[in-house]
Amino acid sequence: MCLAIPARIVAMSGEGMAQVEVGGIVKEVSLALVDDEVTIGDYVIVHVGFALSRLDPEEAEETLQLFAEAGALPAAGGPEPLQ
Amino acid sequence: MTVRYIDEFRDRKLAETLSRAIHAEADSGRSYRLMEFCGGHTHAIFRYGILDLLPANVTMVHGPGCPVCVLPIGRLDQAIQLARDHGVMLCTYGDLLRVPGVERATLLKARAGGADVRMVYSSLDALALARAHPDRQVVFFAIGFETTTPATAVALLQAKAERFRNFTVHCNHVLTPAAISGLLASAREAETRGEPGLAVDGFVGPAHVSAVIGSRPFERFAAEHATPVVIAGFEPLDVMQAILMLVRQLNDGRAEVENEYTRVVCRDGNRKAQALMDQVFQLRPSFDWRGLGALPASALGIRDDFADFDAEKRFTLSAPDVADSKACACASILRGVKKPTDCRIFATACTPDTPIGACMVSSEGACAAYYTYGRYRDAAPVAG
Amino acid sequence: MDLGRKAFPRALDLKSGRIELGHGAGGRTMTQLIEELFESRFANPFLAQRHDAASFPVTDGRMVVSTDGFVISPLFFPGGDIGSLAVHGTVNDVAMAGARPLYLTCGMILEEGFPLADLARICASMADAAAAAGVCIVAGDTKVVERGKGDGVFITTTGIGIVPDGVAIAADRARPGDAVLLSGTLGDHGVAVLSRREGLSFATDLVSDSAPLHTLVADMVAAVPDIHVLRDATRGGFAAVLNEIARESGVGITVREDAIPVAAAVRGACELLGLDPLYVANEGKLVAFCPASDAERLLAVMQAHPLGRESAIVGTCTDDPHRFVQMQTSFGGNRIIDWIAGEQLPRIC
Ligand code: SF4
């Protein structure tokens, strides 16, 4: 459900529209659903021709960090004993 | 070349790390039955082979989260009526074109029969078609959960501002939290009948629906049903991390709403999109869901201020009441008490080319995903 | 061409003229269209015979013949048009038998009102493609349908070629253990065409991979005469080829996602529109099955050819009574690759 992917804003085309780029293709999308602060260089989540929200790069890094650390936490004792 | 914020979330090394962690933390003395509500998660699970990376006691139940699957045949038939009998230019998303309705009619077949059916990528493309063809009535057949609804709202607001006379919307937008509640209600009903209720210990919550409505609406639900929810992105690592977080909650005896998809989802969601939806749409008292039946307050209709743009008011449409097939086990599959292969007609009478129940309709339905990607698990050992 | 014949009262208006019903009616208007537009571009000794049927000498070896109809929207797309496509498509079908393509015939169905300038462009591109592929267009036919009953131009081409002795390439010859080779990136054609389709358009530098593959095939057959199967991955994409061969040969196939080349723009477009590159059409890519012991040698000649630079060994055939086609995903799991029902449509879900 709800196919939406991150794309980078590469140009503002006026009238609430912007050009976004993903993997070398460029598509025009509407900015009507995001606040006015989004700007060139931002990543937005694109769904049916609309930017749905901004992607937060710091949060993305933190999430990737969590993935990397996931293995480290319980490694000490293997599976937890039954409580 | 890598695609930013996509490829990093499909990394094999990290997948192995997460897989090891899930194996290590999942308690071999119990089972973890987790439902992913969204078709997007179902798709990722099968597309990337996530099941191969999970321990045997962590199983996934595929939920009803695809708006195409749950669209009642009677509503789809109205799209076909509009195109075939009312001579309108019917615009809709590609997902819907091949879905069979009454007597196997589809929008593609209607087009072959001379109807003007257009596939659009966006609601604004439908509006542009109305602008380009002032002599034609253009109807946008709108489907989708909260993710897609704001796009329809924007098109309606623009149509009103520009005083379009030839643009209307046939609105089929439905609400995610209502579907989850409906599922739980049907589980309780089944229990009172003495049948198995809900075989789900935790939920992987919607990604992009939550981008719009936020994580807050799931809080009440997690508390009331004492079931953990982890909102997760649609990339495979997101799904695995969410599974790990659910395993941890269940191990700890917690039932909280956690957010794995923090790069996109916040607690309040997209307020601007919510306000736009509110301007244009109102709750319908009840709406039919294929596979789940009538659910109260589970769908949106167009407000009276926008009545001129409501195709259901502009055109006289019949509403054929097509009951779900008796043989179809969708209702039990969606509750996790049956598997697609438990259905008598799975892969025989019911296939993606000839879907009989909701779960087979779109490629993200539980039965269709199982048919397309999963059959080999039961048929043959995996090579390599 | 016979320059002594009386010219037509006025030359075809290739700037703003349009196809009329008379252009298919068999009279002088049609003759003029054929002479000024087709024959002048496709000129060769066979066409110059001016018979309804072309005759040509027959040589040793087996002959193969293949026919294909071409309909495409838009008619002109980045990297080609319906004309070059109609040549490449049939040349490739002939080549996939291991044959050297020699002759083409061409049937055109034109829609009343179609601009002559566009037709001239299409013919020129057909002529160029045929010349580059070293094949002659030896016979043709033109019909005109009323406005609204066609989509501009439909082209049907038939190709004839010769297979050298000792080559036995067929869809049912894949064996368990065979290596699966792919001649380059997937999906370039389909995505290039989609990028110009009404209502979807997006900007990309990507061009169609439409190309004649017979010289690549010739190199491959020379190096490894025992190639079991060759297929060009057109409609239905790579996935369709794998499933066809699995069924015809009665084998299973396992491919490795990591090994399958996909251009960045194709990935981007597929992410955006919810498509899978495995199912997107190609017009210049082939899939080869050969004994594992020959795979490296075959790969080397493929990579040495300009149309096979990005070739890769992407999988192997397995002994599987279910004839499943599977993929080991880059992510570390397994998935099945099934046929798809009809054309892939962009999706929102
Ligand atoms: S296989 Fe078809 S009929 Fe059976 S449960 Fe699934 S969708 Fe329903």
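The shown structure was predicted, so the numbers you read here are calculated from the model rather than taken from an experiment.

Describe the interface of chain A and chain B, and please don't skip the residues or the numbers.
Counting residues at the interface gives 46 residues for chain A and 54 residues for chain B. At the junction of chain A with chain B, the criterion picks out one salt bridge. The residue aspartate 36 of chain A makes a salt bridge to lysine 272 of chain B at a minimum N-O spacing of 4.0 Å. For the side of chain A that touches chain B, the secondary-structure elements that each account for two or more residues are β1 (5-14), β3 (25-30), β4 (43-47), β5 (50-54) and α1 (57-70) of chain A. Ranked by the residues each element gives to the side of chain A that touches chain B, the list is headed by α1 of chain A, at 10 residues. When its residues are assigned to classes, the side of chain A that touches chain B shows 28 nonpolar, 10 polar and eight charged.

Run through the sheet that holds strand β8 (residues 229-231) of chain B, naming residues and quoting values.
Residue and element names in this part refer to chain B. With respect to topology, five strands assemble into an open sheet ordered β2-β1-β7-β8-β9, the strand pairing being parallel. Looking at which strands have only one partner, the edges of the open sheet turn out to be β2 (58-65) and β9 (257-259). For this sheet, the mean angle separating the axes of adjacent strands, direction not counted, is 25 degrees. Here three bridges tie β8 to β9, and the two strands are oriented parallel to one another. Counted as the bridge partner of valine 229 is valine 257 from β9.

Tell me about the pairing of strand β5 (residues 136-145) of chain C, residues and numbers included.
Residue and element names in this part refer to chain C. Examined bridge by bridge, strand β4 (residues 100-111) and β5 share nine bridges and lie parallel to one another. Residue pairing for β5: threonine 105 is matched across the bridge by alanine 139. Traced from β4 through helix α4 (residues 116-133) to β5, the parallel crossover comes out right-handed.

Break down α1 of chain A for me, with residues and values.
In a regular helix each residue adds 1.5 Å, so 14 residues correspond to 20 Å; α1 of chain A covers 20 Å between its end C-alpha atoms and thus fits that length. All of the buried residues along α1 of chain A are Ala60, Thr63, Leu64, Phe67 and Ala70 of chain A. Down the axis of α1 of chain A, the buried side of the element spans an arc of 115 degrees, and every buried residue falls inside it. Where the residues of α1 of chain A are buried, they touch α1 (12-25) and α10 (236-252) of chain B.

Mind laying out the nonpolar core, listing which residues take part and the relevant values?
Residues Val58, Leu90, Phe140, Phe167, Ile243, Phe281 and Trp289 of chain B are the most contacted members of the largest nonpolar core, which totals 160 residues. Here this core takes 10 residues from α10 of chain B, the largest share from any one element. In contact with phenylalanine 167 of chain B, other than residues within four places in its own chain, are Ala126, Leu127, Ala130, Gln137, Val138, Phe140, Ala155, Ala159, Asp308 and Phe309 of chain B. Counting 37 residues, the second-largest nonpolar core is a separate cluster that includes Ile82, Val87, Val91 and Val193 of chain C.

Explain the domain arrangement of chain B to me, using residue names and the numbers behind them.
All names here are of chain B. Taken domain by domain, chain B comprises domain 1 (6-65 + 187-259), domain 2 (69-174 + 272-314) and domain 3 (330-372). A C-alpha centroid distance of 32 Å is found between domain 1 and domain 2. Facing the seven residues of domain 1 at the interface are nine residues of domain 2. The largest contributions to the domain 1 side of the interface with domain 2 come from Pro64, Val209 and Val212, which together make up 66% of the buried area. Counting the contacts that link domain 1 with domain 2 gives two residue pairs in polar contact (both at pLDDT 80 or more). Of all elements in the fold, only β2 and α8 (208-213) reach the threshold of two or more residues within the side of domain 1 that touches domain 2. Tallying contributions element by element places α8 first for the side of domain 1 that touches domain 2, with four residues. Each residue belonging to the side of domain 1 that touches domain 2 can be placed in one class, and the counts come to five nonpolar, two polar and no charged.

I'd like a rundown of the site of the ligand, residues and numbers included.
All names here are of chain B. What surrounds the ligand is the set Cys328, Ala329, Cys330, Ile333, Cys343, Ile345, Phe346, Cys350, Gly357, Cys359, Met360 and Cys367. With respect to the pocket detection grid, the ligand is positioned in the largest cavity. The residue makeup of the shell around the ligand, split by class, is 11 nonpolar, one polar and no charged.

Could you give an account of the environment of glutamate 21 of chain A, naming the residues involved and the relevant values?
Residue and element names in this part refer to chain A. In this structure, glutamate 21 sits in strand β2 (residues 17-22). Exposure remark for glutamate 21: the relative accessible area of 22% places this residue in the partly exposed category. With 20 residues separating them along the chain, glutamate 21 and glycine 41 place their C-alpha atoms 10.0 Å apart. Filtering out sequence-adjacent residues up to four positions away, glutamate 21 remains in contact with Ala7, Arg8, Val10 and Val26.

Could you give me a rundown of α4 of chain C, with the residues and numbers involved?
Two residues of an α-helix separated by three or four positions point the same way, owing to the 3.6 residues in each turn. All names here are of chain C. A rise of 1.5 Å per residue sets the reference length of α4, with its 18 residues, at 26 Å; its end C-alpha atoms lie 25 Å apart and thus fit the reference within 8%. Taken together, the buried positions of α4 are occupied by Leu116, Leu119, Ala120, Ile122, Cys123, Ser125, Met126, Ala127, Ala129, Ala130 and Ala133. Directly after α4, the chain includes glycine 134, whose backbone phi takes a positive value near 70 degrees.

Tell me about empty space enclosed by the protein, and please be specific about residues and values.
Residues and elements named next belong to chain B. Under the counting rule described, the total for this entry stands at five cavities of 30 Å³ or more. Computed from the structure, the largest cavity encloses a volume of approximately 80 Å³. Lining the largest cavity are Cys328, Ala329, Cys330, Ile333, Cys343, Ile345, Phe346, Cys350, Gly357, Cys359, Met360 and Cys367. By residue class, the composition of the lining of the largest cavity is 11 nonpolar, one polar and no charged.

Give me the lowdown on the packing of aromatic side chains, citing residues and values where you can.
Residue and element names in this part refer to chain B. Summed over the entire model, instances satisfying the criterion amount to 14 aromatic pairs over all chains. Ring centres 5.5 Å apart and planes at 90 degrees place the aromatic pair tyrosine 93 and phenylalanine 140 in the edge-to-face group. Of the two residues, tyrosine 93 sits in the loop between β3 (89-92) and α4 (107-112) while phenylalanine 140 sits in strand β5 (residues 138-144), which places them 47 residues apart along the sequence. Overall, tyrosine 93 belongs to the buried group, its relative accessible area being 1%. Since its relative accessible area comes to 0%, phenylalanine 140 is described here as buried. Of the aromatic side chains, those joined through ring pairs into one cluster are Phe46, Phe346, Tyr370 and Tyr371. A cation over an aromatic ring shows up here: arginine 30 above the ring of tyrosine 32, its NZ or CZ 4.4 Å from the ring centre. Stacked on the ring of phenylalanine 9, the Lys or Arg arginine 263 has its end atom at 3.6 Å from the ring centre.

Can you break down the sheet that holds strand β13 (residues 334-336) of chain C residue by residue, with the values?
All names here are of chain C. Here seven strands make up an open sheet; going across it, the order is β8-β10-β7-β11-β9-β12-β13 and the pairing mixed. Both outer strands of the open sheet, β8 (229-232) and β13, are each paired with one neighbouring strand and no more. Within this sheet the neighbouring strands show an average axis-to-axis angle of 25 degrees, counted without direction. As defined by bridge partners, strand β7 (residues 179-182) adjoins strand β11 (residues 312-318) across four bridges and the pair is classed as antiparallel. Directly across from leucine 181, in β11, lies its bridge partner isoleucine 313.

Cut-offs used in this document
Residues numbered from 1 in each chain as written. Chains lettered and ligands numbered in written order. Predicted model: local features only at pLDDT ≥ 70, side-chain atom pairs only at ≥ 80, totals over all residues. Heavy atoms only, no water. Contact = heavy atoms within 4.5 Å. Salt bridge = Lys/Arg side-chain N within 4 Å of Asp/Glu carboxyl O. Helix = DSSP H or I, 4+ residues; strand = E, 2+ residues; numbered from the N terminus. Nonpolar A, V, L, I, M, F, W, Y, C, P; charged D, E, K, R; others polar. Pairing = 2+ DSSP bridges. Axes fitted to C-alpha atoms, helices over the stretch in contact; angles between N-to-C directions. Right-handed = clockwise from strand over helix to strand, strands pointing away. Expected span 1.5 Å × (residues − 1). Buried < 20%, exposed > 50% of the residue type's maximum accessible area, 1.4 Å probe, protein only. Arc of directions from axis to C-beta. Core = buried A, V, L, I, M, F, W, Y, C linked by side-chain atoms within 4.5 Å. Domains from an automatic or database assignment. Buried area = accessible area lost by both parts, 1.4 Å probe. Polar contact = N/O pair within 3.5 Å; in protein donor to acceptor, adjacent residues only side chain to side chain. Near = heavy atom within 4 Å. 1 Å grid on protein atoms, 1.4 Å probe; cavity = no way out; pocket = protein on both sides within 12 Å on 5 of 7 lines; lining within 4 Å. Sits in = over half its atoms within 2 Å of the grid points. Points joined across faces, edges and corners; volume = space filled by probe spheres on them. Phe/Tyr/Trp six-rings, centres within 6.5 Å; stacked < 30°, edge-to-face > 60°. Lys NZ or Arg CZ within 6 Å of the ring centre and 35° of its normal.

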